[in-house]
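Structure at a glance
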Amino acid sequence: MEPSLYRYILNHSRSDQIGLIILSLTTLPLIYITLELPKKIINMLEGKEIPKAVMGWQTEPTTYLFFLSFAFLAAVLVNGGLKYILNVYRGAMGERLLRRFRYELYKRILLFPIPHFKRVSQSELIPMITAETEPLAEFIGESFTLPVFQGGILFTYLFFIFEQDVLLGLAAISLYPFQLYVIPKLQKKVNQLAKERVATVRSLSGRIGETVSGINEVHTNDTSQFERAQISHRLGIIYQIRFAIYRRKFFVKFLNNFIAQLTPFFFYSVGGYFVLRGDLSIGSMVAVLVAYKDLAGPWKELLRYYQRKEDIKVKYTQIIEQFNPPNLIKPALIDSDSDLTGLPDGELNASNISYSEDGLYFSVEGASFRLGLRQHTAAVGLSNSGKDELACMLSRLINPSNGTLSIGSTNMANLPEVITGRRIGYAGQNSYLFNGTVRDNLLYPLKNRPIANPQQKESEDRIKQRSLALDAGNSEHSIEDSWIDYLALGLSDESGINQRLHETLGLVELDDEIYQYGLLSQVEERHNSDLTQRIMQAREQLHDRLTRPKYARLVEQFDHDKYNSNLSVSENLLFGTIYRDNLDVDQLGETDYVRNILDEVELTTDLLTAGKQVAEIMLDLFSDVEPDSELFKQFSFIKADDLPEFQQLLVRIRDVSLMQISGDDKTRLLSQSFKLTVARHRLGLIDEAIQHKILEARKRIREESAKHDLGIEFFDESVYNQRISIQDNILFGKLAYGQANAQEKIYRLIADIIEDLKLRPDIINAGLEYQVGVAGKRLSPSQRQKLGLARCLIKQPELLVINDATTGLDAMSERRIIERILAFMESRGVFWVLGRPQLAEQFEQVMVMERGKLTDNGKYNEISQTSKPLQQLLESD
């Protein structure tokens, strides 16, 4: 990358900078005019310098005054308009170049050698691209124009002052040499401190990132105080550095302010003396004072520019240093669009290869072997044997430090990623999952280049965005382009890719889990009308089967005209799903329109009575129970901490009509009655009369929602409810409380119906939209490993490298998955680093690594009898 900031700016904005400089220079005559016109106006008011004619027109004093005043106003307006254009143009250019710089830094990260990421954390790299580059935008825009513009203004003011009187001009610049000598001396120390500050802030970011990543270790080892001390120490260093910077910066400011106030002393004394002598007019004296007052502005801007320039140069230099690690990947390997579609012909040949990250310790040393690209090979060894590094070299994540690794006659180090990235699959123990859906992660290896569609015409906005991106040196491709090449995979359309995804999930035994995610997912009817209709068919079939005697009591179906005894009172009232934050089923008693409807149907007193009885029962049963008892979680309506509050409430309302108690007390009592479920609690508090009133209130709530959208998706037997899951839409009822094995029986019945209607593929598709979370943290470790494997297989590589990527699975699952993948990869190469050496018997060839050395290489049946390292591994396992 370009080490000089100014050369970088000129390389990418030379013509823009020239245009800005020319625009800046055009404002200088206007600035001079705005200084000259006030002097002429003052002199005219004193009766001096009144011309008889202006541009051939006869003038009177009044006419001439208005002419000068409007000329001054016009000059100010034109000058202000030019400054506006200058600032906007400068800002746009700065942002465009900042966009280019950030993009180049990101491209640089993609060129970092893999081992470098062990020495630098993302918490250091991210701020460098985002926060630390932010000040560059403003500086880039003003890097050349500001000194020209402000320097030109300064020269114009000085020229005007010298034109009035030479001695006053000398007085105006008398202290400039002193400032030009002292300020760089002070700024040099500030620059050194700024470098220290940046380095220390990055160290702080790195430590905070380590704390976040290792939060489990912090809590399980009680090292919170130690980590606080670490951060406190770094914050203390930053404080000391910034305090030292402030002292020097504000001393410079004090010095400038003092000098700015000292110069007028010469004007008042020397200039006043010349006025008294009659050698200088009052108008000239006033104009000089005005000019000097304005002179402070550009001078301060130039000093500020110098300080910012030095600060920005420090930041730019340090960023460039961080983004220039040794052994960068050649850009041509990533950017190449080779016409080759597969790996070179021939065997994979390793000739005396070694690997070391620091040149001292070799994790692989002097390994030589040959592997056929249609051969299935296992590598076994201890964790420090070098097997992991060997897998990384075969996948071209790292290159050998010594020796040659080639396919046929082609050195793997020279193969472009367009080949290795598409024809070699790699899955490690901790395969990273990107934030998005399961589908996004599975299809990630297929998003190599956007697919051109000659029949699709680009929109004007897309053409504009492409032009802006190219002007900023960014990628011409859009994220909105079509990125999946179905034809390259031998598929005709998206339906084919879905079939491929399902088959791949089956290979790694992840299809059942994605199917479960699909059952629990929600789908929008407008985008999945066919699916929702088939789900409604499944609902009908389920309800038909629920009429059979052996299923009849297992589910209480949703019916708008019936009270559901397996739902709570609040659920029966709403009888739907809330999809807005303004309504909470647990705080229903606080909602005004619900309280009004309860009053209208004369239900308030009944529910308050029930709530009071519930509170009395809870106090009677749980007053002597330990607060941490499981009984509270399982049976109590009231939390242990809230028991004293309800005890006081019952005392307050003992002799008071329930309708006369305070609003807060009513809310507390209603919250208890709202939790009652008839089938579960069997307290006899919600009788048939109250149930009828609840049904009436339910009807009123639905009518109210029709007038004012309350954010409730009501249950309707004939309508698909997109606010609940697919499984709940099929069930569309509540499992009966107290029925043995009801859940297992009903879910098995649902599964049978889904199979009959051939809904399983569609439900798996819905499960593919499950959000995996940051780094896949919403999935279990074994699911992440399975998904990592599936992601490799989806592109059908010629060579599959698996680096201990099944350690999170049990032995039987791992064996089954290996068998399936080896069958899938028949006639294609597989190199599998195993954590369980006994699984090597499934492979044609076995390589045994020990302390960086390849000790044995051959068929499993042969070397298992002769290889002592392998025998030791088998015995230890």
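Structural notes, computed from the coordinates. (Residues numbered from 1 in each chain as written. Predicted model: local features only at pLDDT ≥ 70, side-chain atom pairs only at ≥ 80, totals over all residues. Heavy atoms only, no water.)

1. Digging into the side chain of Thr677
Mapping Thr677 onto the fold places it in the loop between helix H24 (663-673) and helix H25 (678-681). Every residue in contact with Thr677, bar those within four places of it in the chain, is listed here: Ser565, Asn566, Leu567, Ser568 and Arg682. (Helix = DSSP H or I, 4+ residues; strand = E, 2+ residues; numbered from the N terminus. Contact = heavy atoms within 4.5 Å.)

2. A word on the environment of Leu507
On the secondary structure map, Leu507 appears in helix H16 (residues 494-507). Judged by its relative accessible area of 15%, Leu507 is buried. Not counting residues within four places of it along the chain, the set of residues in contact with Leu507 comprises Leu793, Ile817, Arg820 and Phe824. (Buried < 20%, exposed > 50% of the residue type's maximum accessible area, 1.4 Å probe, protein only.)

3. Observations regarding the pairing of strand E6 (residues 402-407)
Consecutive side chains along a regular strand alternate between the two faces of the sheet. Relative to E6, strand E3 (residues 348-356) runs antiparallel, the two being bridged by 5 bridges. The partner of Ser354 across the bridge, within E6, is Asn402. Here E6 runs beside strand E7 (residues 410-411); their pairing, made up of 2 bridges, is antiparallel. Bridge pairing in E7 places Ser406 opposite Asn411. If you look at the hairpin formed by E6 and E7, you'll find 2 residues sitting between the two strands, and Gly408 has a positive phi there, around 65°. (Pairing = 2+ DSSP bridges.)

4. So, the pairing of strand E5 (residues 376-380)
Judged by how many residues are buried, E5 sits mostly within the fold: 5 of 5 residues are covered. Sheet topology note: the E5/strand E14 (residues 829-833) ladder contains 4 bridges and is parallel. Paired with Thr377 across the strands is Phe831, a residue of E14. Bridging between E5 and strand E15 (residues 845-850) involves 4 bridges; their strand directions are parallel. Across the sheet, residue Ala378 finds its bridge partner in E15, namely Val846.

5. Topic: the pattern of salt bridges
Proximity of charged atoms lets side chains of opposite charge pair with each other. Summed over the entire model, instances satisfying the criterion amount to 30 salt bridges. The residue Arg820 makes a salt bridge to Glu509 at a minimum N-O spacing of 3.6 Å. Taken together, the residues span a long stretch of sequence, with Arg820 in helix H31 (residues 811-824) and Glu509 in the loop between H16 and helix H17 (511-519) at a distance of 311 residues. A relative accessible area of 36% means that Arg820 is categorised as partly exposed. Of the charged contacts in the structure, one is a salt bridge between Lys693 and Asp606, with a shortest N-O distance of 2.8 Å. Taken together, the residues Lys693 in helix H26 (residues 688-707) and Asp606 in helix H21 (residues 604-622) connect sequence positions 87 residues apart. One network of salt bridges, in which partners are shared, links Glu645, Arg652, Asp665 and Arg668. (Salt bridge = Lys/Arg side-chain N within 4 Å of Asp/Glu carboxyl O.)

6. Quick word on a negative patch on the surface
A cluster of acidic residues, Asp584, Asp586, Glu590 and Asp664, forms a negative patch at the surface. Note that Asp586 resides in the loop between strand E10 (576-578) and helix H20 (592-600). In this structure Asp586 comes out as exposed when scored by relative accessible area, which is 57%. (Patch = residues over 30% accessible without salt bridge, like charges linked within 9 Å, V, L, I, M, F, W, Y side chains within 5 Å. Areas by Shrake-Rupley, 256 points an atom, 1.4 Å probe, with all protein chains shown as cover. Lys, Arg positive; Asp, Glu negative; His and termini not counted. Charge placed at Lys NZ, Arg CZ, Asp CG, Glu CD.)

7. Describing the sheet that holds E7
Spatial strand order, E4-E3-E6-E7: 4 strands in an open sheet with antiparallel pairing. Lying at the two open borders of the sheet, with one neighbouring strand each, are strand E4 (362-371) and E7.

8. Some words on the packing of helix H1 (residues 5-45) against helix H5 (residues 145-164)
Angle between the axes and distance between the axes are the two parameters that describe a pair of packed helices. As a packed pair, H1 and H5 sit with axes 9 Å apart at the nearest point and diverge in direction by 25°. For the element pair H1 / H5, the angle class is roughly parallel. H5 is crossed by H1, and the crossing has right-handed handedness. Along the contact surface, H1 presents Gln17, Leu20, Ile21, Ser24, Leu25, Thr27, Leu28, Ile31, Tyr32, Leu35, Glu36 and Lys39, while H5 presents Thr145, Val148, Phe149, Gly152, Ile153, Thr156, Tyr157, Phe159, Phe160, Glu163 and Gln164. In terms of residue class, the contact of H1 with H5 is made up of 13 nonpolar, 7 polar and 3 charged. (Axes fitted to C-alpha atoms, helices over the stretch in contact; angles between N-to-C directions. Parallel < 35°, antiparallel > 145°, perpendicular 65-115°, else oblique. Left-handed = near helix turned anticlockwise from the far one by under 90°. Nonpolar A, V, L, I, M, F, W, Y, C, P; charged D, E, K, R; others polar.)

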